[in-house]
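Single-letter residue listing:
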Amino acid sequence: MQHYTARPIPPAALKELRTTDDAGRAPAPFTDGEGGAPLRCCLRRSRPGERIALVSYAPLRRWAAETGADPGAYDEQGPVFVHAEECAGPEADGLAFTDSHRVLRRYSTDGHIVGGRLIGDPGAFAYALREAFDDPAVAFVHVRAVEYGCFLYEVRRD
């Protein structure tokens, strides 16, 4: 059986986002009084009292800059929570944030959407990812929140 790993926002991108986000704004860090925000730097929920920031992130734009692809209209940016300061990254391998309905959005090597799937059962993640990567047109998958459509993390082919 294939093992899939959630890819957090890369450290170099996080360093940039903590200075100026992908919308050109300076972050406004705050102390999270309640906890529970899905952190894209370490792929866990924030704990009460942690310093976090809500920043605008454009995952396809950054991916395209690395690969030379042109996602065209599929380039989008949206809000993500990150630690306000550098953190150690994910503590575990595997998939994060599978405790709620999610959307798996499939992308081609040129950054265009080639399909998607709504995941209602956490046990269906592995099957849905295997199904996605069985399609040779799929280069990577974005896992997104259903309720807000926010980017959670990326899964790439091994």
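Asks: Please explain the layout of surface pockets as it appears in this structure.
Replies: A water-sized probe rolled over the atoms picks out the places where empty space is left. What the largest pocket holds in volume is close to 220 Å³. In terms of lining residues, the largest pocket is bounded by 15 residues, among which P10, Y57, R62, E66 and R156 are the most central. Contributing elements (two or more residues each) for the lining of the largest pocket: helix 1 (11-17), helix 2 (59-67) and strand 9 (151-156). It is helix 2 that contributes the most residues to the lining of the largest pocket, four residues altogether.

Asks: Teacher, can you tell me more about the nonpolar core here?
Replies: The tendency in soluble globular proteins is for nonpolar side chains to be buried side by side. One finds L104, L129, F133, V141, V143, Y153 and V155 to be the most contacted residues of the largest nonpolar core, which totals 19 residues. Elements with a minimum of two residues in this core: helix 3 (125-134), strand 8 (140-145) and strand 9. In terms of residue count, the dominant contributor to this core is helix 3 (five residues). With residues up to four places along the chain from it excluded, the contact list for V143 reads R102, V103, L104, F125, C150, F151, L152, Y153 and V155. Residues A13, L39, C41 and V82 belong to the second largest nonpolar core, which totals 15 residues.

Procedures and definitions
Residues numbered from 1 in each chain as written. Predicted model: local features only at pLDDT ≥ 70, side-chain atom pairs only at ≥ 80, totals over all residues. Heavy atoms only, no water. 1 Å grid on protein atoms, 1.4 Å probe; cavity = no way out; pocket = protein on both sides within 12 Å on 5 of 7 lines; lining within 4 Å. Points joined across faces, edges and corners; volume = space filled by probe spheres on them. Helix = DSSP H or I, 4+ residues; strand = E, 2+ residues; numbered from the N terminus. Core = buried A, V, L, I, M, F, W, Y, C linked by side-chain atoms within 4.5 Å. Buried < 20%, exposed > 50% of the residue type's maximum accessible area, 1.4 Å probe, protein only. Contact = heavy atoms within 4.5 Å.

Geometry only, nothing functional implied.
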